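Commentary on secondary and tertiary structure
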Amino acid sequence: ATWNHILLIDSNSPLMEQLNFFHDHTLLIITLITILVGYNMLSLLTNSFINRFLLHGQLIEIIWTILPAIILLFIAFPSLRLLYLLDETNKPSLTLKSIGHQWYWSYEYSDFKNIEFDSYMVPSAELNEGDFRLLDVDNRIVLPNHTQIRLIATATDVIHSWTMPSLGVKIDATPGRLNQTNFYMNRSGLFFGQC
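Just so it is clear, the structure is predicted and the values come from calculations on it, not from any experiment. (Residues numbered from 1 in each chain as written. Predicted model: local features only at pLDDT ≥ 70, side-chain atom pairs only at ≥ 80, totals over all residues. Heavy atoms only, no water.)

Quick word on the UniProt feature "transmembrane region" (unreviewed entry) in the protein
What counts, and what does not: UniProt positions are given in the numbering used here, feature names are shortened, and annotations may be inferred rather than shown by experiment. For helices the rule is a DSSP run of H or I covering at least 4 residues; for strands it is a run of E covering at least 2, with both sets numbered from the N terminus onward.
Within this structure's numbering, the places UniProt gives as "transmembrane region" (unreviewed entry) are residues 21-42 and 62-84. A distance of 31 Å separates the end C-alpha atoms of residues 21-42, which is 100% helix and 0% strand. For residues 62-84, helix accounts for 100% and strand for 0%, while the C-alpha atoms at its two ends are 33 Å apart.

In structure tokens form, the structure reads like this:
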């Protein structure tokens, strides 16, 4: 994402695609409500005619009570479906354990023996041309695409947050606790996360 990027970043997983669709769906509903309310407010300010049936009436009270409830259902049902999809765990082919430390992350590939490493952020003085400040690390995670991957996150000192926006993954790493999530990558590339 750059400074003039308006919408969400490009998705790299089916879950992030669903999050993008839900964002667009909700934004459309909010835009329609804003236009309708703005039109009604403008017409009330500019119109001098009075309709006595709009000022007092049982039918209009029922309509403007039930209509917002129906609109909220159109937002709530896709949201609940998406929440359950994000928490669904499929059969993972690979498990990655991520341990958060104060200024770095430690990673372990649990399915293989003795594959673990630390990942430190590259200092600003050591960045090459084209590297991203505060995003690039010295040891990157290498993960296969088109594979279901389980991520187990924990921390050693304070609460951290392992986030990969293009995958739609955000998990808290809490000391003394193992949290798990899973993701599936559609394409290969270099993707940056945040803490």
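Here the narrative resumes.
Here's the deal with the domain arrangement of the protein
The cut-off we apply is this: Delimitation of the domains relies on an automatic or database domain assignment. Residue contacts are defined here by distance: any two heavy atoms, one from each residue, within 4.5 Å place the two residues in contact. Using a 1.4 Å probe, buried area is obtained as the accessible area two parts lose upon being combined, added over both of them.
The domain boundaries assigned to the protein delineate domain 1 (14-87) and domain 2 (94-185). The centre of domain 1, based on its C-alpha atoms, is set 39 Å off from the matching centre of domain 2. Every contact between the two is made by five residues of domain 1 and, on the other side, seven residues of domain 2. A buried area of about 380 Å², summed over both sides, lies between domain 1 and domain 2, and 56% of it is on carbon and sulfur atoms.

Observations concerning the nonpolar core
Heads up, the condition is: Buried Ala, Val, Leu, Ile, Met, Phe, Trp, Tyr and Cys residues form a nonpolar core when they are joined through side-chain atoms within 4.5 Å. Categorising residues by exposure relies on relative accessible area from a 1.4 Å probe, with only protein chains included: less than 20% of the type maximum marks a residue as buried, more than 50% marks it as exposed, and the intermediate range marks it as partly exposed.
Ranked by internal contacts, the top residues of the largest apolar core, which has 19 residues, are Leu 143, Trp 162 and Phe 183. If you list the elements that add at least two residues to this core, you get strand 1 (94-100), strand 2 (104-109), strand 4 (148-155), strand 5 (160-164) and strand 6 (169-173). Considering every element that reaches this core, the biggest residue donor is strand 4, with four residues. Setting aside residues no more than four positions away along its own chain, Leu 143 makes contact with Leu 94, Leu 96, Tyr 109, Ile 149, Phe 183 and Met 185.

Digging into unusual backbone geometry
One non-glycine residue, Asn 114, adopts positive backbone phi at about 55 degrees. Inspection of the secondary structure assignment puts Asn 114 in the loop between strand 2 and strand 3 (116-120). Positive phi values are uncommon outside glycine, yet His 146 reaches one of about 55 degrees.

Overview of a nonpolar patch on the surface
The condition is simple: Each patch is built from residues lacking any salt bridge and having more than 30% relative accessible area; the joining distance is 9 Å for like charges and 5 Å for nonpolar side chains (Val, Leu, Ile, Met, Phe, Trp, Tyr). Here the Shrake-Rupley method, with its probe set to 1.4 Å, supplies the accessible areas, and only the displayed protein chains count as covering residues. The salt bridge criterion pairs a side-chain nitrogen of Lys or Arg with a carboxyl oxygen of Asp or Glu, the two atoms within 4 Å.
Taken together, the side chains of Leu 73, Phe 77, Leu 80, Leu 83 and Tyr 84 make up a nonpolar region of the molecular surface, amounting to roughly 570 Å² of accessible area. Residue position: Leu 80 is located in helix 3 (residues 58-87). Take Leu 80: its relative accessible area is 42%, and that puts it in the partly exposed class.

Quick notes on the pairing of strand 3
What counts here: Note: two strands are recorded as paired if DSSP finds a minimum of 2 bridges between them.
Burial of strand 3 is one-sided: the residues Phe 117 and Ser 119 facing one way are buried, the residues Glu 116, Asp 118 and Tyr 120 facing the other way are not. With five bridges joining them, strand 2 and strand 3 adopt antiparallel strand pairing. Bridge assignment links Ser 106 to a residue of strand 3, and that residue is Asp 118. The loop that links strand 2 with its antiparallel partner strand 3 comprises six residues; one of these, Asn 114, has a positive phi angle of about 55 degrees.

So, the pattern of salt bridges
A complete count under the given rule lists one salt bridge for this structure. Between Arg 140 and Asp 136 there is a salt bridge, and its shortest N-O distance comes to 2.7 Å. Of the residues examined, Arg 140 reaches a relative accessible area of 41% and is grouped as partly exposed.

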